[in-house]
Structures are given as C-alpha cells and as structure tokens.
Amino acid sequence: MISIKKAALEDVKALAKVGEKAFLVPHQEAIPKEMMDAYISTSFNEQNLIEEITNKKFQYHLIFKNDVLAGYSKIIINYKNENIKETNVTKMERL
C-alpha cells in the first residue's frame, strides 16, 4: 500500500535521512565526494529543512510504502524562472 502525507516539523529528521539517501544513491558515482558532501550538508541539514517546511512556497510530501518511508517530493510554488514568461509557475524540484 502506498500513502502520501504532507511533511511537518516532526518529520524533519526522517526527511533529512531519506533526502540524503535519495540524492546519494543515484549521484555517488558521478559527483566528487567533496561536492557531494557539501551539497548534502547544505540541502539536507535539519535547519534548512525546517526553514523550507515552514515557508509556504515549499511543499514537502513523504511517500510511504506499507507504512515505511520510501521517498519524498519537494514542490516550489510560484517559482520564478528566467526562461518562463509566466509568473505563477510550480516547480517539482525533487521526487
């Protein structure tokens, strides 16, 4: 069974863990370790995730399979992109 829930502050530790793993697994062979470590420590640290979860422009969702955390998504609302003329754009940044 698959279920999805909106992430909340009490989910930050789990989100940091699953986010790091989701990034590390597909990229570990392609990115130098120093760059990987820097990106992970910036993007998946608990303080950064707290700031993003409490910001209404970011929406994080946790994805569970059989009640076990299996992944997450990150959506940015009203994302501005210099290549897109529209101003009310939503960006799926991570899945």
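Everything here concerns the structure above.
J.: How should I be thinking about the sheet that holds strand 1 (residues 2–6) in this particular structure?
T.: Backbone-to-backbone hydrogen bonds pair the strands of a sheet. The strands run either parallel or antiparallel. Overall, antiparallel pairing links the four strands, which are arranged 1-2-3-4 in an open sheet. Because the sheet does not close on itself, it has two edges, and the strands there are strand 1 and strand 4 (91–94). With direction set aside, neighbouring strand axes in the sheet form an average angle of 30°. Contacts from helix 1 (residues 12–27) reach strand 2 (58–65) and strand 3 (68–76) within the one sheet, and its direction differs from that of strand 3 by about 85°.

J.: Can you walk me through the packing of helix 1 against helix 2 (residues 33–43) in this structure?
T.: Think of two packed helices as two axes; the pair is described by the angle between the axes and how far apart they sit. At a closest axis distance of 10 Å, the pairing of helix 1 and helix 2 adopts a crossing angle of 160°. It follows from the interaxial angle that helix 1 and helix 2 lie roughly antiparallel. Seen along the crossing, helix 1 lies across helix 2 with a hand that is right-handed. Along the contact surface, helix 1 presents Glu 20, Phe 23, Leu 24 and His 27, while helix 2 presents Met 36, Tyr 39 and Ile 40. Residue composition of the contact of helix 1 with helix 2, grouped by class: five nonpolar, one polar and one charged.

Conventions adopted
Residues numbered from 1 in each chain as written. Predicted model: local features only at pLDDT ≥ 70, side-chain atom pairs only at ≥ 80, totals over all residues. Heavy atoms only, no water. Pairing = 2+ DSSP bridges. Helix = DSSP H or I, 4+ residues; strand = E, 2+ residues; numbered from the N terminus. Axes fitted to C-alpha atoms, helices over the stretch in contact; angles between N-to-C directions. Contact = heavy atoms within 4.5 Å. Parallel < 35°, antiparallel > 145°, perpendicular 65-115°, else oblique. Left-handed = near helix turned anticlockwise from the far one by under 90°. Nonpolar A, V, L, I, M, F, W, Y, C, P; charged D, E, K, R; others polar.

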